[in-house]
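Residue strings, one per chain:
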Amino acid sequence: MKNIVLIILDGLGDRPCQELENRTPLQAAYHPNMNYMASKGINGLMSPISVGIRSGSDTSHMSLLGYDPEKYYPGRGPFEALGLGMDIKPGDLAFRANFATSENGLVKDRRAGREFAGNDKLAEAVSIDMGDYSFRVRAGVEHRAALVISGPYLSDKVGDSDPHKENLPAREIEAMDQNAIKTSEVLNKYLKEARRILENHPVNTGRVKAGKLPGNELLIRSAGKVPDIPSFEEKYGFKGACAVGIPWLKGLCRLLGMHVEEVEGATGTVGSNYSGKIKSALSLSEKYPFVLVNIKATDVAGHDGNPILKKQVIEDADSSFNLFRQASGRLVVAVTGDHSTPCTVKDHSGDPVPVMIFSDGILHDGVSFFDEFHSASGPLRITSNDVMNILLELSDRAEKVGS
Ligand code: ZN
Ligand code: ZN
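Residues numbered from 1 in each chain as written. Chains lettered and ligands numbered in written order. Predicted model: local features only at pLDDT ≥ 70, side-chain atom pairs only at ≥ 80, totals over all residues. Heavy atoms only, no water.

Draft legend 1. Just the coordination of the zinc ion (ligand 2), in detail. Those protein atoms acting as donors to the zinc ion (ligand 2) are Asp299 (OD), Asp299 (OD), His303 (NE2) and His348 (NE2), and they sit at 2.0 to 2.5 Å. In this structure, the zinc ion (ligand 2) is surrounded by 4 donor atoms whose angles at the metal cover 55 to 146°, and the resulting shape is irregular. Here the donor residues for the zinc ion (ligand 2) map to a single chain with the spacing D-x3-H-x44-H. Between the zinc ion (ligand 2) and the zinc ion (ligand 1) there is a metal-metal distance of 4.5 Å. Separated by 49 residues along the polypeptide, Asp299 in helix H12 (residues 297–303) and His348 in the loop between strand E12 (331–336) and strand E13 (353–358) bring together distant segments of the chain. This pair shows no difference in class: Asp299 is buried, exactly as His348 is. (Donors = N, O, S within 2.8 Å, 3.2 Å for Na, K, Ca; no water. Tetrahedral: all angles 85-135°; square planar, octahedral: opposite > 155°, others 65-115°. Helix = DSSP H or I, 4+ residues; strand = E, 2+ residues; numbered from the N terminus. Buried < 20%, exposed > 50% of the residue type's maximum accessible area, 1.4 Å probe, protein only.)

Draft legend 2. Broad picture of the sheet that holds strand E10 (residues 259–260). Pairing in this open sheet of 8 strands is mixed, and the strands run E10-E9-E11-E1-E12-E13-E2-E14 from one edge to the other. Among the strands making up the open sheet, the edge pair consists of E10 and strand E14 (380–383). Both strand E1 (residues 3–9) and E12 contribute to a ladder of 6 bridges, which runs parallel. Counted as the bridge partner of Ile8 is Thr336 from E12. Running over the sheet, helix H3 (residues 57–64) touches E1, strand E2 (41–47) and strand E11 (290–295) and is turned about 160° from E1. (Pairing = 2+ DSSP bridges. Contact = heavy atoms within 4.5 Å. Axes fitted to C-alpha atoms, helices over the stretch in contact; angles between N-to-C directions.)

Spelled out as structure tokens, the structure:
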């Protein structure tokens, strides 16, 4: 049996860019190690989630790990909480939240002047237990925050307290079905208590004195309940680990019970420590049968519409991929993206992404360049949901179907 390393260059796929003489960043980049691996491996195109779907990074990573987002995606609220480094577990209910300013029962500013000084203290003050329920709030940038509730019989079929417009009162949380009535009651009681705590909090009295808007109202929206999701080990029968920088992705891996390696300088953006990630993936792969790596900067460059930067990120990442050459006897290494982020679109598109799988002793297909055009002459036409199955099979870990 071999061990598996799955490398996701976030938003890798692209379209022809004028600045690169109508080549894609991956086509224009000098990436001899990726080309070597492609020439010894199986190549093709991978559609994230399904053909033509414009997928988010969260849903796509779930699917790449073999968790159907249709069944397991918990919604924006839980991912906001994961992004702020909060731990969530199956059964928890999470919301996106804002510290807002209310006056005489009306929301005057949904963002409390985008003020953030002291919001961490406000979040701490409204992180409380009430009966069987525990409420945890974490502050993010500016007015943003997330709320996570743990307790029995929680339902996400509840509305927002956020009126989404100024000069309206904060809404009572409404239950959308019978099973959500208890949850709406618990939330309304909590929000009332939160209002009381925030009104008299020294951070807010200090803000008012300084002529600033107080964050005296916690507005919540986008309820999502964390589904009963099997851990990575329950699902596959072996342990997984990750070397990633993006906070929500670390949170997703923790939710799946994977080991999260803290790589020094792994920032989840441009200038991250790519070679540190690859080195730590290699050493993790001696202990863990599966390792996930994410390099985010390709997506950041795509959103910025900067093909020169995206090309540079690919070249920087490639320079440490030579380490895989010696490991091909004990590893199956896959390289792909979680979606395309074309520089001309500055957002995710539904274009397929090149994929290559490299190891000793597997078929190779004559493809010797890794990019959107050459990879397309390889045999793979797969979706993200197929990736784990192929990796299990090539690493001799797949169970036989039938006899
Ligand atoms: Zn992504
Ligand atoms: Zn993106």
